[in-house]
Amino acid sequence: EAQVTQNPRYLITVTGKKLTVTCSQNMNHEYMSWYRQDPGLGLRQIYYSMNVEVTDKGDVPEGYKVSRKEKRNFPLILESPSPNQTSLYFCASRPGTGPYEQYFGPGTRLTVT
Amino acid sequence: DAKTTQPNSMESNEEEPVHLPCNHSTISGTDYIHWYRQLPSQGPEYVIHGLTSNVNNRMASLAIAEDRKSSTLILHRATLRDAAVYYCILYNAGGTSYGKLTFGQGTILTVHP
């Protein structure tokens, strides 16, 4: 089954404790991205990657890092989480930057206290 | 980015057709019209997309106005499972979107049994 998986699905952590949210897709997609969803602000793109070793900032990249060492994986790293990063995070993938269907993961709900 | 305007909410009865409107008066010639939906507690899900001609798939139909300044997503027989937030998104595949989907607030669809 074609899918995007994320782990963990739920995470409660404390300010400053580094964490990684993993994302993996099994569709051999070149393009992957991370979004965060906040009430009243909708979904906003954090980072994206057009292919292995090619990443770039989205609209709200501050406080986040990403890496793309393998085509299937695109982890989101919060090196020093802060309470304003409490949010619902979605990983997504698509074949490329053309007008293709984009697949989203199930989401990771992060709470930073 | 070109903007879309959707009603905040709509209601329907089960097994009746639903027409979800979207206005995009500043659409450019290379903007594709995409529809996604987000069911409660899930990631966004692709529904359909088109450029100029009407499109049909197993989930829905997309009717695009001749001047492309508006479009309508048609669910032919609503079910309770169709209750979701529906997003109309313009995607410029050849421009500087770099794969980013810009989500607005969408239309909350309520389906009554």
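Structural data are supplied above this passage.
Residues numbered from 1 in each chain as written. Chains lettered and ligands numbered in written order. Predicted model: local features only at pLDDT ≥ 70, side-chain atom pairs only at ≥ 80, totals over all residues. Heavy atoms only, no water.

Novice: Hey, could you go over the state of the cysteines for me, with residue numbers and the actual values?
Specialist: Evaluated as defined, the whole model comprises two disulfides over all chains. Across the disulfide, C23(A) is cross-linked to C91(A) (sulfur-sulfur distance 1.8 Å). Between C23(A) and C91(A), the S-S torsion sits near -75 degrees, and that sign places the bridge as left-handed. In this pair, C23(A) is assigned in strand β3 (residues 19–25) and C91(A) in strand β9 (residues 87–94), connecting sequence segments 68 residues apart. An identical accessibility class is assigned to C23(A) and C91(A); each is buried. There is a disulfide in this structure between C22(B) and C88(B), and the S-S distance comes to 2.1 Å. On the S-S bond that ties C22(B) to C88(B), the torsion sits near -85 degrees, and the link is left-handed. (Disulfide = S-S within 2.5 Å. Helix = DSSP H or I, 4+ residues; strand = E, 2+ residues; numbered from the N terminus. Buried < 20%, exposed > 50% of the residue type's maximum accessible area, 1.4 Å probe, protein only.)

Novice: I'd love a proper account of the packing of aromatic side chains, names of residues and values included.
Specialist: Under the criterion given, the structure shown has nine aromatic pairs over all chains. Judged by centre distance (6.0 Å) and plane angle (85 degrees), the rings of Y35(A) and F103(B) are edge-to-face. Note that Y35(A) is positioned in strand β4 (residues 31–38) and F103(B) in the loop between β8 (84–92) and β9 (107–112), a pairing that runs across two chains. The pair Y35(A) / F103(B) is uniform in exposure class, with both members buried. Relative to F103(B), the ring of F104(A) has its centre 5.9 Å away and its plane inclined at 80 degrees; by these criteria the two rings are edge-to-face. (Phe/Tyr/Trp six-rings, centres within 6.5 Å; stacked < 30°, edge-to-face > 60°.)

Novice: Report on the interface of chain B and chain A, specifying residues and quantitative values.
Specialist: At the interface, 19 residues of chain B touch 22 residues of chain A. At the surface where chain B touches chain A, the tally comes to zero salt bridges. Viewed at the interface, chain A and chain B are joined by five residue pairs in polar contact (both at pLDDT 80 or more). Going through the elements one at a time, β3 (31–38), β4 (45–50) and β8 of chain B are the ones with two or more residues in the side of chain B that touches chain A. It is β3(B) that contributes the most residues to the side of chain B that touches chain A, four residues altogether. Counted by class, the side of chain B that touches chain A contains ten nonpolar, eight polar and one charged residues. (Contact = heavy atoms within 4.5 Å. Salt bridge = Lys/Arg side-chain N within 4 Å of Asp/Glu carboxyl O. Polar contact = N/O pair within 3.5 Å; in protein donor to acceptor, adjacent residues only side chain to side chain. Nonpolar A, V, L, I, M, F, W, Y, C, P; charged D, E, K, R; others polar.)

Novice: Kindly report on the environment of R68(A), identifying the contributing residues and their values.
Specialist: All names here are of chain A. The topology assignment puts R68 in the loop between β7 (65–66) and β8 (76–78). In this structure R68 comes out as buried when scored by relative accessible area, which is 2%. Between the C-alpha atoms of R68 and G105, which are 37 residues apart in sequence, the distance is 17 Å.

Novice: Give me the lowdown on the pattern of salt bridges, citing residues and values where you can.
Specialist: Residue and element names in this part refer to chain A. In total, this model carries seven salt bridges over all chains according to the counting rule given. A salt bridge links D38 to R36, with the shortest nitrogen-to-oxygen separation between them at 2.8 Å. Given a relative accessible area of 9%, R36 falls into the buried group. One continuous salt-bridge network, built from bridges that share partners, spans K18, K65 and E79.

Novice: Can you explain unusual backbone geometry? Please cite residues and give values.
Specialist: As a rule of thumb, non-glycine residues mostly have phi less than zero, and peptide bonds are mostly trans rather than cis. Between N7(A) and P8(A) the backbone carries a cis peptide bond, its omega angle lying at -5 degrees. Inspection of the secondary structure assignment puts P8(A) in the loop between β1 (4–7) and β2 (10–13). One non-glycine residue, E15(B), lies in the positive phi region at around 70 degrees. You can see E15(B) is positioned in the loop between β1 (9–13) and β2 (18–23). By relative accessible area, which is 53% here, E15(B) ends up exposed. Even without glycine at this site, R68(B) takes up a positive phi of about 65 degrees. As for its placement among the helices and strands, R68(B) is situated in the loop between β6 (61–64) and β7 (70–75). What makes R68(B) buried here is its relative accessible area of 9%.

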